[in-house]
Amino acid sequence: MADAIIILVVVIILIFALKGSIKHFKGEGACCGGSGSVKTKKAKKKTLDGPVVGRRTIRISGMHCQNCVNSVTNALNSIDGVSAEVSLKDNCAEVSCDRPVDDIDLKQAVEKAGFEVVGISQA
């Protein structure tokens, strides 16, 4: 009888662990401040004031979920004259600029958000 109770408790724990893992990999769990205890701001689409004068592709390391994407997008979009679209699948950000922006400023914004810039190239 005691063995059956122990097995039942272990099965229940495994079910909750599997459920949490599925949420985590879908980007719905508490990973990186997700819908668990802390919420990150949802990334808003930013439009530029003037015509696009430059485009860059930033390769980024360390993103794991949609909350990571939102953090990077918001960090890049906080720079004047920059509009970013970040892809978790490709681990990169496509950045459009309506004025000259230094690569150093882009790199610092991504790093301030907690991620590593692997490379920046002209798009």
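This write-up is about the structure you can find in this document. (Residues numbered from 1 in each chain as written. Predicted model: local features only at pLDDT ≥ 70, side-chain atom pairs only at ≥ 80, totals over all residues. Heavy atoms only, no water.)

1. A few points about the nonpolar core
- If you look at the biggest cluster of nonpolar residues, it comprises 22 residues, and the most contacted ones within it are Leu76 and Val95.
- For this core, the secondary-structure elements that each account for two or more residues are strand E1 (54-61), helix H2 (66-77), strand E2 (82-87), strand E3 (92-97) and helix H3 (103-112).
- The element contributing the most residues to this core is H2, with five residues.
- Residues within four places of leucine 76 in sequence aside, it is in contact with Ile58, Val82, Ala84, Ala93, Val95, Leu106, Ala109 and Val110. (Core = buried A, V, L, I, M, F, W, Y, C linked by side-chain atoms within 4.5 Å. Buried < 20%, exposed > 50% of the residue type's maximum accessible area, 1.4 Å probe, protein only. Helix = DSSP H or I, 4+ residues; strand = E, 2+ residues; numbered from the N terminus. Contact = heavy atoms within 4.5 Å.)

2. Brief notes about unusual backbone geometry
- At asparagine 91, a position not held by glycine, the phi torsion is positive, near 55°.
- Following the sequence through the fold, asparagine 91 ends up in the loop between E2 and E3.

3. Let's talk about H2
- With 12 residues, H2 should cover 16 Å at 1.5 Å per step; its first-to-last C-alpha distance of 16 Å lies within 8% of that length.
- Of the residues making up H2, those classed as buried are Asn67, Cys68, Val69, Asn70, Val72, Thr73, Ala75, Leu76 and Asn77.
- Where H2 is buried, its residues contact E1, E2, E3 and H3. (Expected span 1.5 Å × (residues − 1).)

4. Quick word on the environment of glycine 62
- Mapped onto the elements, glycine 62 comes out in the loop between E1 and H2.
- Of the residues examined, glycine 62 reaches a relative accessible area of 33% and is grouped as partly exposed.
- Remark: the alpha-carbon pair of glycine 62 and asparagine 91, spanning 29 residues in sequence, is separated by 8.4 Å.
- Apart from residues no more than four positions distant in its own chain, glycine 62 is found in contact with Cys68 and Phe115.

Distances and angles like these do not, on their own, reveal function.
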